[in-house]
Structure formats: structure tokens, C-alpha cells
Amino acid sequence: MMIDSSAMELQLNLHPADGYKSPSQRARRITEAWFAQNAYCPVCPSENLSPTRDNTRVVDFVCSDCGAEFQLKSKSNPLGRKIRDAAYQPMIERVNANQSPHFAFMHYARDNWSVRKLIFVPGYFITPSVIEKCKPLSASARRAGWVGCNILLYMIPPDGRLPVISCDGISPKQDIRQKWERFTWIGKALPESRGWITDILLCVRRFGRHEFSLADMYEFEGELAITIDYYQNFHILLYAISANSACLL
Ligand SMILES: [Zn+2]
């Protein structure tokens, strides 16, 4: 993979955590400072994303040029299948209203404080299928009754997980921006359509081949719990995908 001429610095600077004792607060300060310094906007040509200062619950960074909003989630363990997010209710309300922020998921190493992985996920790939409601905190918890949520990475089609930093290296910015642009049409769909479009796209990608039939899709009938009407939509999706990215299928 080609390395971008303006390659990202993978080493994390620990100074932003000076004066903080809580490990989680320290990690948050360090990773957010790195993101502010190194991340770029994948939506437009802007080279910077700015931290938000309004204590909003679901947005951490914003592009001052195009207004795109991002939430950064960082883990010292590999990203795995799911990532804990914040409160369920405000998140699902935004998702249902087609207003999910975009996400940046980071895996960093604590042994040498370096960034191992960073992926962007466009907000239009965040559908109700991707949000898992957690059990309310127990009565003995400090925030008893509070309900959080998980983001299910395995429910997001690979087209929606853009590898900025991976074991293959650092992706060129223009590659990430092109991949981002490819499916922006999903974001313009109605909320109820966006769900089935991304669910079907996930199934299509599981075939791992470029040719398949409608009959093949019946493999997923139980999993998707859908009807024949739903499959009629499948043709519309194929038309939309091929019209928007001719080399995809
Ligand atoms: Zn932008």
C-alpha cells in the first residue's frame, strides 16, 4: 500500500494527559489530542477536524469547512466485533432521524503508546441494526437504570469500514475520500430504506464473489427476517449500486 506523502504520526504524545490521574481520562486526553493533530476530513478536502466545545453527547469533532460531525471511540484492545458507545436513547434517536455522526474507531497500544488501527465509518452506515441496546445498570450502580449501547462493527458492510491505518500501513487520503464518496447516496435514502440497503449490502459482501443470483439471497431469508416484498427492493438496490459504482458487482 502506498504511504501518503503527508503520513500520519503514529506515536501518541502523552503530554496532553499531564495532571490527569484516571487511566480512562488520560487515555481520552491522549487519543483526542492525537486525532485533533493528525486526522483529516474524509468528506471534503479539509486537512483538519476541530474538537467540539459544547459538551454535546454524541459529537467529538467537527469539520469547520463542510460541517461533518465525528465521534471518536478509542480502545487499547483490538476493535473486535462491538464497541461500547454512550447513552442509547440520544444515539438511536439520531440514527432513526438519519442524523448519526460519522465515527472514527481507534485501536492504540499501551505498551509503546502508538496507534495500531484507525477506521472511519460514515454515519449513513449506522443503522438501527448496528446499535445494540445494553441492559440498564443495576440498582446498586452509581448511575442505576442508565442504558448504554454498543456499536456492532460486524453488522457494518466492509464498504462502510474505511481503513485509514491498518496492519497494511496508512491509506492515501484520496483513497479514503473516494471510498467515502462512493456510498454517500445511501445517506440520502429514507431512514427505513437505509436499513435494508445496508443489510442487503452486508449479505452481498459475504458472498465474496462478483456474481450471484436472487436465489442466492434466500440463504439470508431467516437471518434478515424479511418478506418477498423486501426482495423486490433488492433489484432496486442492485440498480442503485451498479449506477453509483459500476465496478462493484
Ligand atoms: Zn469536511
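Residues numbered from 1 in each chain as written. Predicted model: local features only at pLDDT ≥ 70, side-chain atom pairs only at ≥ 80, totals over all residues. Heavy atoms only, no water.

1. Considering the overall build of the chain
Logical step 1: Looking only at helices and strands, the chain features 7 helices and 10 strands.
Logical step 2: Burial status across the chain gives 47% buried among its 249 residues.
Logical step 3: Of the contacts formed within the chain by residues at least 6 apart in sequence, a portion of 61% connects residues at least 24 apart.
Logical step 4: For the chain, the computed accessible surface area is about 13100 Å², with 50% contributed by carbon and sulfur atoms. (Helix = DSSP H or I, 4+ residues; strand = E, 2+ residues; numbered from the N terminus. Buried < 20%, exposed > 50% of the residue type's maximum accessible area, 1.4 Å probe, protein only. Contact = heavy atoms within 4.5 Å. Areas by Shrake-Rupley, 256 points an atom, 1.4 Å probe, with all protein chains shown as cover.)

2. Topic: the confidence of the model for the chain
Logical step 1: The predicted model of the chain has a mean per-residue pLDDT of 84, with 80% of residues at 70 or higher.
Logical step 2: Confidence drops under pLDDT 50 across residues 243-249; counting only partners more than four residues distant or on other chains, this segment forms 15 contacts. (pLDDT = per-residue confidence, 0-100.)

3. Here we look at the pattern of salt bridges
Logical step 1: Tallied over the full model, the rule gives 8 salt bridges.
Logical step 2: One salt bridge connects Arg28 with Asp60, and the closest N-O pair in it is separated by 3.6 Å. One end of the pair, Arg28, is in helix α1 (residues 23-38); the other, Asp60, is in the loop between β1 (50-51) and β2 (61-62), with 32 residues separating them in the sequence.
Logical step 3: Owing to a relative accessible area of 13%, Asp60 belongs among the buried residues under this scheme.
Logical step 4: If you follow the salt bridges from partner to partner, you end up with Arg28, Glu32 and Asp60 in one network. (Salt bridge = Lys/Arg side-chain N within 4 Å of Asp/Glu carboxyl O.)

4. Some thoughts on the sheet that holds strand β8 (residues 148-152)
Logical step 1: The strand order across the open sheet built from 3 strands is β4-β8-β7, with neighbouring strands paired in antiparallel fashion. In this open sheet, the two edge strands, each paired with only one partner strand, are β4 (82-87) and β7 (131-133). Each adjacent strand pair in this sheet contributes to an overall mean axis angle of 35 degrees, direction not counted.
Logical step 2: In this structure, β7 lies alongside β8, joined through 3 bridges in antiparallel fashion. Across the sheet, residue Lys133 finds its bridge partner in β8, namely Cys149.
Logical step 3: On the sheet, helix α2 (residues 88-96) packs against β4, β7 and β8 and is oriented at approximately 100 degrees with respect to β4. (Pairing = 2+ DSSP bridges. Axes fitted to C-alpha atoms, helices over the stretch in contact; angles between N-to-C directions.)

5. Let's talk about helix α3 (residues 173-182)
Logical step 1: Among the residues of α3, those classed as buried are Lys173, Ile176, Arg177 and Trp180. Down the axis of α3, the buried side of the element spans an arc of 95 degrees, and every buried residue falls inside it. Within α3, the exposed residues directed more than 90 degrees away from the buried face are Gln174 and Gln178.
Logical step 2: Those residues of α3 that are buried lie in contact with β3 (69-75), β5 (102-109), β6 (114-121) and β9 (162-166). (Arc of directions from axis to C-beta.)

6. Focus on the nonpolar core
Logical step 1: Within the largest apolar cluster, 58 residues are counted, with the highest numbers of intra-cluster contacts made by Trp34, Phe35, Phe105, Phe120, Ile126 and Ile131.
Logical step 2: The residues contacting Ile131, other than those within four sequence positions of it, are Tyr88, Met91, Ile92, Val95, Ile126, Cys149, Asn150 and Ile151. (Core = buried A, V, L, I, M, F, W, Y, C linked by side-chain atoms within 4.5 Å.)

7. Describing the coordination of the zinc ion
Logical step 1: For the zinc ion, the protein coordination sphere consists of Cys41 (SG), Cys44 (SG), Cys63 (SG) and Cys66 (SG), at 2.3 Å.
Logical step 2: Because the angles between the 4 donor atoms bound to the zinc ion fall within 105 to 115 degrees, the donor set is best described as tetrahedral.
Logical step 3: For the zinc ion, all donor residues lie on one chain, and their spacing in sequence is C-x2-C-x18-C-x2-C. Of this pair, Cys41 sits in the loop between α1 and β1 while Cys66 is found in the loop between β2 and β3, placing the two residues 25 residues apart along the sequence.
Logical step 4: On the basis of relative accessible area, Cys41 is assigned to the buried category, the value being 0%.
Logical step 5: The exposure class assigned to Cys66 is partly exposed, which follows from its relative accessible area of 36%. (Donors = N, O, S within 2.8 Å, 3.2 Å for Na, K, Ca; no water. Tetrahedral: all angles 85-135°; square planar, octahedral: opposite > 155°, others 65-115°.)

8. So, the sheet that holds β9
Logical step 1: Reading across from one edge, β1-β2-β3-β5-β6-β9-β10 is the order of the 7 strands in this open sheet, with mixed pairing throughout. The open sheet terminates on both sides in strands that have one partner only, identified here as β1 and β10 (169-170).
Logical step 2: In this sheet, β5 lies alongside β3 in parallel orientation, the contact comprising 6 bridges. Its bridge partner being in β5, Ser74 is matched across the sheet by Met106.
Logical step 3: Strands in contact with α3 are β3, β5, β6 and β9; relative to β9, the strand with the most contacts, it is inclined by about 155 degrees.

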